[in-house]
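If you want the building blocks of each chain, they are given just below.
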Amino acid sequence: MKTYIDLHIHSTASDGTFSPTEIVNDALKLAGDKNPVVIALTDHDTVAGTEEFQKAAAKHKERLTAISGVEISTDYHGVEIHVLGYNIDTKNKALLERLAVCRESRDGRNAKIIEKLQEQGFKISMDEIKPDKPGETIARPHIAKLLMKKKYVSSVQEAFDKYLAEGRCCYVERIMPTPQEAIELIKNSGGVPVLAHLMFYKKLDSSQKETLVRELKEAGLVGIEAYYNTYTPVEQEYVAGLAKQWGLLKTGGTDFHGQNKPHISLFKGQGEMEVPESILPEFLASLIR
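Please read all numbers here as calculations on a predicted model, not as lab measurements.

Student: What is the right way to read the environment of Gln 120 from this model?
Tutor: Structurally, Gln 120 is set in the loop between helix H3 (93-119) and helix H4 (140-149). Accessibility expressed as a relative area gives 48% for Gln 120, which makes it partly exposed. For Gln 120, the contacting residues outside a window of four places in its chain are Cys 169 and Cys 170.

Written as structure tokens, this is what we have:
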């Protein structure tokens, strides 16, 4: 018997295309009839999907462990860093208020991105952007899909590569907390803070990455995402080494977004990634309040 693990999943509550219920059902289907499943919902700057997630999961308690989480976008000296929070109190007032500010920044950002695209000659408007499903948060992938629909680009990835990614002509920065502030918010809400996809931060060299990990450990960081869908074996070993050096527990996940990132599937990412069962005892023990 094998335990299927994915601790980094996005739903329609942020920028994914699967509802929280669909995520639960799909995870169980992929794992087969009897295999245990451990999944975490980690939407960007919101916990709006966690109630539905837990309600759907409650029907399968015999083999499903469902963890309510969040992925907070932060600003680290001009570099966007993501901090995951696991087993948070989704009713915590301070956390909810700060996440609301982050979302308001994102909403205003959408309009500014559209303005920049219009300045580049694209004939698009905010009124044309529609969520794929009710309640879905509008974000850059929706703008990318509109550009593709109007045949300005051939894919969502091309839209990001040419216009929407950081450093491109239509990119707009957001108001974000520091990683240290995010860690404090997570811990004060009873959660476990984990640094997401360290090797994703290409603007940081190895020395700067190690400084980041040290500084966040000093601020209360508990874990690091040691298994991620784009890591090479060398990168995975490097992150695992940092986890050991700084006494951080290891987590892992695919960063699943449904059809917004169709090359990424639950449990396997874009290849044959596998989060090992060996991480579970320490990780699950850390969630006990």
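Student: Can you walk me through the pattern of salt bridges in this structure?
Tutor: Where charged atoms of side chains with opposite charge meet at close range, the side chains can pair. Per the stated rule, a full pass over the model turns up eight salt bridges. For Lys 202, the salt bridge is made with Glu 235, and the minimal N-O distance between the two is 3.9 Å. Linking Lys 202 in the loop between strand E5 (192-195) and helix H7 (206-218) with Glu 235 in helix H8 (residues 233-245), this pair joins segments that are 33 residues apart in sequence. We classify Lys 202 as exposed; its relative accessible area is 65%. Here Lys 268 ties to Glu 272 by a salt bridge, and the two come within 3.2 Å at their closest N and O atoms. Residue classification places Glu 272 among the exposed positions, given a relative accessible area of 63%.

Student: Teacher, can you tell me more about the nonpolar core here?
Tutor: As a rule of thumb, soluble globular proteins bury nonpolar side chains together. Of all hydrophobic cores here, the largest spans 49 residues; its most connected members are Leu 7, Tyr 86, Leu 195 and Leu 198. Apart from the residues lying within four places of it in its own chain, the contact partners of Tyr 86 are Leu 7, Ala 40, Thr 42, Ile 67, Ser 68, Gly 69, Gly 191, Val 192, Val 194, Thr 251, Phe 283 and Leu 287.

Student: Would you mind going over H3 with me for this structure?
Tutor: Counting along an α-helix, one turn takes 3.6 residues, and residues three or four places apart therefore face a common direction. Helix length check: H3, at 27 residues, gives a terminal C-alpha distance of 40 Å against a target of 39 Å (1.5 Å per residue), a fit within 8%. Packed against the buried residues of H3 are strand E3 (64-76), H4, helix H5 (156-164) and helix H6 (179-188). With a side-chain oxygen lying 3.3 Å from the backbone nitrogen of Ala 94, the N-terminal cap of H3 falls on Asn 92. Gly 121 sits one or two positions beyond H3 and adopts a positive phi of about 100°.

Student: How should I be thinking about the packing of aromatic side chains in this particular structure?
Tutor: The relative placement of two aromatic rings is captured by the distance of their centres and the angle of their planes. Counting across every chain of the model gives seven aromatic pairs. For the pair Phe 122 and Tyr 152, a centre-to-centre distance of 4.7 Å together with 80° between the ring planes defines the contact as edge-to-face. A residue pair is termed long-range when its members are at least 10 positions apart, and Phe 122 in the loop between H3 and H4 and Tyr 152 in the loop between H4 and H5 qualify at 30 residues. The exposure class of Tyr 152 is partly exposed, given its relative accessible area of 31%. Note on Phe 122 and Tyr 163: the rings are 5.0 Å apart at their centroids and 80° apart in plane angle, and the pair reads as edge-to-face. You can see Phe 122 sitting in the loop between H3 and H4 and its partner Tyr 163 sitting in helix H5, a full 41 residues away along the chain. In this structure, Phe 122 and Tyr 163 share a single accessibility class: buried. Each member of the aromatic cluster is reached from another via a ring pair, and the members are Phe 122, Tyr 152 and Tyr 163.

Student: It is not clear to me how the packing of H4 against H5 should be interpreted in this structure. Could you clarify?
Tutor: H5 packs onto H4 with a crossing angle of 105° between their chain directions and a minimal axis gap of 9 Å. Relative to H5, the element H4 lies roughly perpendicular. Where H4 abuts H5, its residues Arg 140, Pro 141, Ile 143, Ala 144, Lys 145, Leu 147 and Met 148 lie against Val 156, Ala 159, Phe 160 and Leu 164. A class-by-class count of the residues in the contact of H4 with H5 yields nine nonpolar, no polar and two charged.

Student: Help me out: how do you make sense of the sheet that holds strand E1 (residues 4-9) in this one?
Tutor: Pairing between the strands of a sheet is mediated by backbone hydrogen bonds and can be parallel or antiparallel. Strand order across the open sheet formed by seven strands is E1-E2-E3-E4-E5-E6-E7, with mixed pairing between neighbours. The two strands at the open ends of the sheet, each matched to only one other strand, are E1 and strand E7 (249-253). The average angle at which neighbouring strand axes cross in this sheet is 30°, direction not considered. Direction of pairing for E1 relative to strand E2 (residues 37-41): parallel, over a ladder of four bridges. If you follow Tyr 4 over to E2, its bridge partner there is Val 37.

Student: Sorry, what's going on with the side chain of Asp 15 here?
Tutor: Within the element layout of this structure, Asp 15 appears in the loop between E1 and helix H1 (20-31). Within polar-contact distance, the side chain of Asp 15 engages the side chain of Ser 14 at 3.2 Å.

Student: Looking at this structure, how should I read the side chain of His 10?
Tutor: Inspection of the secondary structure puts His 10 in the loop between E1 and H1. Classification of His 10 by relative accessible area gives buried; the value is 0%. Excluding anything up to four places from it in sequence, His 10 contacts Asp 15, Gly 16, Ile 23, Leu 41, Thr 42, Asp 43, His 44, Glu 71, Asp 255, Phe 256 and His 257.

Student: Sorry if this is basic, but what is going on with the packing of H1 against helix H2 (residues 50-57) here?
Tutor: Angle between the axes and distance between the axes: these two values describe a pair of packed helices. At a minimum axis distance of 8 Å, the contact between H1 and H2 shows a crossing angle of 35°. Here the hand of the crossing between H1 and H2 comes out right-handed. Contact residues: H1 offers Pro 20, Thr 21 and Val 24, while H2 offers Glu 52, Phe 53, Ala 56 and Ala 57.

What counts and how
- Residues numbered from 1 in each chain as written.
- Predicted model: local features only at pLDDT ≥ 70, side-chain atom pairs only at ≥ 80, totals over all residues.
- Heavy atoms only, no water.
- Helix = DSSP H or I, 4+ residues; strand = E, 2+ residues; numbered from the N terminus.
- Buried < 20%, exposed > 50% of the residue type's maximum accessible area, 1.4 Å probe, protein only.
- Contact = heavy atoms within 4.5 Å.
- Salt bridge = Lys/Arg side-chain N within 4 Å of Asp/Glu carboxyl O.
- Core = buried A, V, L, I, M, F, W, Y, C linked by side-chain atoms within 4.5 Å.
- Expected span 1.5 Å × (residues − 1).
- Polar contact = N/O pair within 3.5 Å; in protein donor to acceptor, adjacent residues only side chain to side chain.
- Phe/Tyr/Trp six-rings, centres within 6.5 Å; stacked < 30°, edge-to-face > 60°.
- Axes fitted to C-alpha atoms, helices over the stretch in contact; angles between N-to-C directions.
- Parallel < 35°, antiparallel > 145°, perpendicular 65-115°, else oblique.
- Nonpolar A, V, L, I, M, F, W, Y, C, P; charged D, E, K, R; others polar.
- Pairing = 2+ DSSP bridges.
- Left-handed = near helix turned anticlockwise from the far one by under 90°.

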